[in-house]
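In case you want the letters, here they are:
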Amino acid sequence: PASTRRTPATRPDLHRVPDQPAAAPSSIGGDGALARCVGDVDRFESHHWGRAPLLRRSERSEGSATFADVFSTGELDAFLASGIRRPVVRLVRDGSPLPGESYTSRVRLGGTDFRDVIAPERVAEHFGAGATVVAQSLHRTHPTVRAFVEQLGDEISHPIQANAYLTPPNATGLAPHADGHDVIVLQLEGSKHWTVESLGDVDLEPGDTLYVPAGYEHRATSSHRTSLHLTLGILRVTYRSVLQRALRNGPAVLDDPLPLRYRSSGNGIRPELEELLGEVQRYISSLDPAEIERTETERRTVRPPRSGDLSAAIALAGLDHQAELVRTGDPWTVTVMEEAETDSTIRVEAAGHWLSAPGSCAAAIEQLAYGAVARVGALIGLDDDSQLILARRMVGAGLCRIAER
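Residues numbered from 1 in each chain as written. Predicted model: local features only at pLDDT ≥ 70, side-chain atom pairs only at ≥ 80, totals over all residues. Heavy atoms only, no water.

Trainee: When you look at a negative patch on the surface in this model, what are you seeing that I'm missing?
Mentor: Residues E150, D154, E155 and D330 make up a contiguous surface patch of negative charge. Locating D330 in the fold gives a position in the loop between β15 (324–327) and β16 (333–338). (Patch = residues over 30% accessible without salt bridge, like charges linked within 9 Å, V, L, I, M, F, W, Y side chains within 5 Å. Areas by Shrake-Rupley, 256 points an atom, 1.4 Å probe, with all protein chains shown as cover. Salt bridge = Lys/Arg side-chain N within 4 Å of Asp/Glu carboxyl O. Lys, Arg positive; Asp, Glu negative; His and termini not counted. Charge placed at Lys NZ, Arg CZ, Asp CG, Glu CD. Helix = DSSP H or I, 4+ residues; strand = E, 2+ residues; numbered from the N terminus.)

Set out below in structure tokens:
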């Protein structure tokens, strides 16, 4: 495309759409997700983000909520019994992983044997003997964790992953280590003793949080009580990675191999490097910072799993010109791709659902953008066939649903 313009989905003045503004996204527990984790967000960003660990105590004396709404032992129990397979759950004891066959069982489904299905009773036996239960990638598999991670990700703009750790009393799960990403620890139940580089020894109680930047060594041991905590891994996007992506389209000579015998010929590679650095400098000076910013802002990170696809497929059977459409709950992001010699293309996105449509659909898309009910046969600016095509695509993509008649 010759240019790209991102615009909010605004209500058109002349299309007689009822004024029904989209609701602001809510947060589990009522507060911003990041504030729940770190307290004063501005101070966290200026003093700790990527710089130094932070311990935040829960304000239990003021009756503030813990993180029981995000995850709990009861939900972990139900998760283990739901037929999940390794490696979604793994067991670790004294810093070493346990063999998977010791806590999985054989299950036959559809004529196929699966030998890596988690056996809750075996997990419980190992837990009783001192093993830590690790539930991985809960940001993909558990609804309340996924909702919290999505809210936090919207606030910080960096990808996040979530693992839960249930540790029996007086036990150590992982050996001392330093992660390659930042982590925020949410203490959910029980207590845990942490030793963190530059922070020292700290004990976390329910509702307490701990931020550890990448590269800081840490280890954790449960106290006399069982501990459940959730670790949020922040895969922070760095300026280095932004520039590396920008250089992918740089001079092709960057991918050439160094000359043979460059270490022993005596000539070295300084002349080639001087010439190459000149090319790179010219290329970098030609880059548009605004375009790099746009690319990074729109760059896809981990998308939440889609839901509602089967319901949409079923609903399509009853769609006709008399059907009424309404936008699904999430606000849309509308991107207009303006091309030099052809019609523009419109991209509509919301919570992992998206579609692209020709620019001739702009008025009809705006008509639906704020959740107003619209009859398929009354979609603005389209002939009969185009109305049905757009309606079917909107419902099929999960961006609209058919209102009950």
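Trainee: Any chance you could explain the sheet that holds strand β10 (residues 192–196) here in plain terms?
Mentor: Strands pair in a sheet through their backbones, by hydrogen bonds, and they do so in one of two ways: parallel or antiparallel. Pairing in this open sheet of three strands is antiparallel, and the strands run β11-β10-β13 from one edge to the other. Whereas interior strands pair on both sides, the edge strands pair on one side only; in this sheet they are β11 (200–204) and β13 (218–222). For this sheet, the mean angle separating the axes of adjacent strands, direction not counted, is 20 degrees. Note: β10 against β13, five bridges, orientation antiparallel. Pairing of K192 across the sheet is with S222, part of β13. (Pairing = 2+ DSSP bridges. Axes fitted to C-alpha atoms, helices over the stretch in contact; angles between N-to-C directions.)

Trainee: Would you mind going over helix α7 (residues 239–246) with me for this structure?
Mentor: Note that an α-helix has 3.6 residues per turn; residues three or four places apart therefore point the same way. Buried residues of α7: S241, V242, R245 and A246, and no others. The buried side chains of α7 occupy one side of the element, clustering within an arc of 140 degrees when seen end-on. Relative to its buried face, α7 has exposed residues pointing more than 90 degrees away, namely Y239, R240 and L243. For α7, the elements touching its buried residues are α8 (270–286) and α9 (289–298). (Buried < 20%, exposed > 50% of the residue type's maximum accessible area, 1.4 Å probe, protein only. Arc of directions from axis to C-beta. Contact = heavy atoms within 4.5 Å.)

Trainee: For this particular structure, what's the right way to read unusual backbone geometry?
Mentor: Leave glycine aside and you will find that most residues have negative phi; peptide bonds, for their part, are mostly trans. Here R86 and P87 are connected by a cis peptide whose omega angle stands at 5 degrees. One non-glycine residue with positive phi stands out, namely S137, at about 55 degrees. Relative to the elements of secondary structure, S137 occurs in the loop between β7 (132–135) and α5 (138–141). Of note, the phi angle at R261 is positive, near 60 degrees, even though the residue is not glycine.

Trainee: Explanation requested: the nonpolar core in the structure shown.
Mentor: Core analysis: the largest hydrophobic core is formed by 40 residues, its most contacted members being L186, L230 and L232. Among the secondary structure elements, those contributing two or more residues to this core are α1 (33–38), α3 (73–80), β3 (89–93), β7, α6 (143–156), β8 (160–167), β9 (182–189) and β14 (227–234). Not counting residues within four places of it along the chain, the set of residues in contact with L186 comprises C37, F67, F148, D208, T209, L228, H229, L230 and L232. (Core = buried A, V, L, I, M, F, W, Y, C linked by side-chain atoms within 4.5 Å.)

Trainee: Is there a simple way to think about the sheet that holds β15 in this case?
Mentor: Strand order in the open sheet formed by three strands is β19-β15-β20, and the pairing between neighbours is antiparallel. If you trace the sheet from one side to the other, it starts and ends with β19 (374–375) and β20 (400–402), each paired once. Pairing geometry for β15 and β20, over three bridges, is antiparallel. Across the sheet, residue R327 finds its bridge partner in β20, namely C400.

Trainee: How should I be thinking about the pattern of salt bridges in this particular structure?
Mentor: Side chains bearing opposite charge may pair, as long as their charged atoms lie close to each other. Enumeration over the complete set of coordinates arrives at ten salt bridges. Between D113 and R106 there is a salt bridge, with its nearest N and O atoms 3.1 Å apart. Given a relative accessible area of 30%, D113 falls into the partly exposed group. Exposure remark for R106: the relative accessible area of 48% places this residue in the partly exposed category. Residue E349 pairs with R347 through a salt bridge whose shortest N-O separation is 3.3 Å. Classification of E349 as buried rests on a relative accessible area of 15%. We classify R347 as buried; its relative accessible area is 16%.

Trainee: Any chance you could explain a nonpolar patch on the surface here in plain terms?
Mentor: Taken together, the side chains of L247, L254 and I284 define a hydrophobic patch exposed on the protein surface, amounting to about 220 Å² of accessible area. Positionally, I284 belongs in helix α8. Since its relative accessible area comes to 44%, I284 is described here as partly exposed.

Trainee: In this structure, what is going on with the pairing of β11? I would like to understand it.
Mentor: On any regular strand, side chains alternate: one points to one face of the sheet, the next to the other face. Pairing of β10 with β11 involves five bridges; the strand directions are antiparallel. Paired with T195 across the bridge in β11 is D201.

Trainee: I keep staring at the environment of T73 and nothing clicks. Help me out?
Mentor: Its location among the elements puts T73 in helix α3. For T73, the residues in contact, after removing those within four places along its chain, are L166, E189 and L228. Of the polar contacts made by the side chain of T73, one reaches the side chain of E189; its length is 2.4 Å. (Polar contact = N/O pair within 3.5 Å; in protein donor to acceptor, adjacent residues only side chain to side chain.)

Note that every value here comes from positions in space, so none of it alone points to a role or purpose.
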